[in-house]
Every structure is written in structure tokens, then in C-alpha cells.
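Here is what each chain is made of, one letter per residue.
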Amino acid sequence: PGAQACADAMAACDAEHEWLSRATASAAYPHIDFAGYDRVLRHPAAGVCLAAGAVAAQVRLARMAGVSVREETPVSSVEPGPDGVRVRTPEGEIEARCAVVTPGPWAGRLLGEMLGAPRAFVATWQTTSYYRPADGSAPPELPTFIEWTGPAVAWYAVPAVGDAPGVKLGDHDVGPTVDPDDGPFALDEPRVRETSEYVRRRFPGLDPEPVLAEVCHYTMTPDEDFVLDRVGPVVIGAGFSGHGFKFTPLVGEILADLAMGRTPDAPMARFAANRPALLG
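This report concerns the structure included in the present document. All of these numbers come straight from a predicted model, not from anything done at the bench.

Observations concerning the packing of aromatic side chains
Right, so step 1: A complete count under the given rule lists eight aromatic pairs for this structure.
Right, so step 2: Ring centres of Phe145 and Phe203 lie 5.6 Å apart, and the angle between their planes is 85°; this geometry places the pair in the edge-to-face category. Of this pair, Phe145 sits in strand β8 (residues 145-148) while Phe203 sits in the loop between α5 (189-202) and β11 (212-220), and the two are 58 residues apart along the sequence.
Right, so step 3: Of the residues examined, Phe203 reaches a relative accessible area of 1% and is grouped as buried.
Right, so step 4: Aromatic rings pair up to connect Phe34, Phe145, Trp155, Tyr198 and Phe203 into one cluster.

This is the structure:
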């Protein structure tokens, strides 16, 4: 159901894309079983962003631009005031006209305290698994693959690039709610089995027994839209609902505009901190 919307968006942006018949897609990607589909959407310029390298590059460029980077420095509080904001750390206080706060799975707790009222952020525990061919050969060359099977579930596969131990697969389905400090953080074995069943059906060349399974946090909003907003001297970037990293350059541009008092070129009402979906 989401493919046509993606095609419409790419057409509006003049981004290269094409529809492939099932026969053409099967010939181009023999390791994927396209049963059940008459056509699939291909975006030839798509790729994979390696998170660790991308973050390291961003930090390096920030330092080159004169940013003081204080890694592994815990923040005990962010205190908005009439003339700016005070950030308290073990290394001392930092006072500024504005602070950009991107708290990840701690968004519900921290932003509720800062804004004086709770917001509907939920930290969830997600599972992904990695698969290799059953014959022990190298993982096949695959595209990034998304199968949007309905409003609740989307499966995805990411090719084995960088230091990935195999083809990464998972479902974009909301996992169990957890406390970001206390968990529980155990591996969701039933979800791993569900992913393996999906591999058996859609990627028959891969061994359905994963070589590795791991977990991560999502920070969900009820409508799965981000929160990009400014409240007094605090700019908020939160609630990325499992699909925020690839938007980092655009999100950074929007947060910088908000911090500098500029109007971002984006539909900001959709990302407001006080929209009805977040206020319950």
C-alpha cells in the first residue's frame, strides 16, 4: 500500500524510480521471491548508510566548524529560563540562549519534566536478525527491500555491507514497551522465529537460522511522526519511531533553523510538540 505513495513522492521530487513487473524483478533479484505481487517499485539511487561512520564524519565536520564536542559527558538537568537555558554536567554548567535536546528513548521522561506536562512518547524494544546463505557462501548482493504488508507491519531487509555479519532483516512492528533504564532487555525469541519464517518464505536462498540476533530501542509517537519544535529556549528532536537516522541531514537543518530563530522549510505543524496526538 505504501509503494504508490512513495512513487508519487519521488515523482514530485524528480527522483529516478521505476515500476518493475514481477518477472523483471525476479530476474534482477533472483534471491527474492516476489510471489503475491504484480509489480514492485525500484529506486536505483537507494543505498545503505553506515551509522558509525556517518556519525564519526558528522562529529569530525562539527569540530572543524569550531564546535566543542564533549563526548560521554552526562547531563544531569536542562533548565529553561527567561533568558536562555542552563545545562548541568559533572564538568560544570553551560549557559546558552538555546539548547537542542535529542533524548532518544528517554524523551517521555525528560521532556515531560522540561515542558511541565507529559508527552506520549513510548520506548519500545525491537529485534533484528542477520542471515547468510545455507551453503556457507557469501551473502548475495541485494537491494534494500521493504514489504509494507499493511498498516501495522512492514518487513525490511538490508544487504550485508560494512561489518554486518549477514543480511539484516526485521519487522517495523512496535515491540514491547520497556523502561530505557531498567528494561527488560532480553532478546525477543518469538519475534526472531517470526523473522526466520519470513526469511524462509521471501528469501529462500538464505538459511532461516540467524547467525546473529540483536536488539535496539525505538522511541514511538502515537502517529509515528517526529517531534521537531521549539518551546522557549529549548529545541526538541525526538520521537523518531524507528526511522529517523536516514533523515539526519534534514533533521539537523530543521533543528538548526529552530535554534537560530529561522522558519524551517517544512510542514512544522505536523511535528509540533503540542499536537493532539502527543497530548493524548
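Overview of the environment of Ser77
Right, so step 1: Along the chain, the position of Ser77 falls in strand β3 (residues 77-81).
Right, so step 2: Contacts of Ser77, omitting those with residues within four sequence positions, involve Arg86, Val87 and Arg88.
Right, so step 3: A polar contact is formed between the side chain of Ser77 and the side chain of Glu79, at a distance of 3.0 Å.

A short note on the pairing of β8
Right, so step 1: Every second residue of β8 is oriented toward a common face, the buried set being Phe145 and Glu147 and the non-buried set Ile146 and Trp148.
Right, so step 2: In this structure, β8 lies alongside strand β9 (residues 154-158), joined through four bridges in antiparallel fashion. By the bridge assignment for β9, Trp148 is matched with Ala154.

Observations concerning the pattern of salt bridges
Opposite charge on two side chains permits pairing when their charged atoms draw close.
Right, so step 1: For the coordinates displayed, the defined rule picks out 15 salt bridges.
Right, so step 2: Across the pair Glu93 and Arg88 runs a salt bridge, and its minimum N-O distance is 2.2 Å.
Right, so step 3: Linked through salt bridges whose partners overlap, the residues forming this network are Glu79, Arg86, Arg88, Glu93 and Glu95.

A look at the state of the cysteines
Right, so step 1: Within the structure shown, the criterion is met by zero disulfides.
Right, so step 2: Distance from the sulfur of Cys216, which forms no disulfide, to the nearest cysteine sulfur (Cys49) is 16 Å.
Right, so step 3: Here Cys216 falls in the partly exposed class, since its relative accessible area comes to 33%.

Overview of unusual backbone geometry
Right, so step 1: Put simply, Gly183 and Pro184 share a cis peptide bond, and its omega is 10°.
Right, so step 2: Checked against the element boundaries, Pro184 lands in the loop between β10 (167-171) and α5.
Right, so step 3: Of note in the backbone geometry, Asp14 takes a positive phi value of approximately 60° without being a glycine.
Right, so step 4: Locating Asp14 in the fold gives a position in the loop between α1 (2-12) and β1 (18-21).
Right, so step 5: Asp14 sits in the exposed class, given a relative accessible area of 71%.

Considering the sheet that holds β3
Right, so step 1: Pairing is antiparallel in the open sheet, where three strands are placed in the order β3-β4-β5. A single partner strand is all that each edge strand has here, and the edge strands are β3 and β5 (92-96). Across the sheet, the mean angle separating the axes of adjacent strands is 20° when strand polarity is ignored.
Right, so step 2: Bridging between strand β4 (residues 84-89) and β5 involves five bridges; their strand directions are antiparallel. Counted as the bridge partner of Val87 is Ile94 from β5.

The rules we used
The residue numbers shown here count from 1 along each chain, following its written sequence. Only residues with pLDDT of 70 or above have their local features reported here, since the model is predicted, and side-chain atom pairs are shown and tallied only from 80 upward, although totals for entire chains, interfaces and linings are computed over all residues. Excluded from the side-chain calculation are hydrogens and water; included are all heavy atoms of the structure. Any pair of Phe, Tyr and Trp rings, taking the six-membered ring for Trp, is counted once the centres come within 6.5 Å. Such a pair is stacked with planes under 30 degrees apart, edge-to-face with planes over 60 apart, and tilted for the rest. Under the DSSP-based scheme used, a helix requires at least four consecutive residues in state H or I and a strand at least two consecutive residues in state E, with every element numbered from the N terminus. Each residue is assigned to one of three classes by its accessible area relative to the maximum for its type, calculated with a 1.4 Å probe on protein chains only: buried under 20%, partly exposed between the two thresholds, exposed over 50%. Contacts are assigned to residue pairs that have any heavy atoms within 4.5 Å of one another. Polar contacts here mean pairs of N or O atoms no more than 3.5 Å apart (in protein, one a potential hydrogen donor and the other a potential acceptor; neighbouring residues in sequence count only if both atoms are side-chain atoms). Should DSSP find at least two bridges between two strands, the strands are regarded as paired. Whenever Lys or Arg places a side-chain nitrogen within 4 Å of a carboxyl oxygen from Asp or Glu, that contact is recorded as a salt bridge. The definition used for a disulfide is geometric: two cysteine sulfur atoms within 2.5 Å. Orientation is described by axes fitted as lines to C-alpha atoms, over the contacting stretch for helices, and by angles from 0 to 180 degrees between their N-to-C directions.

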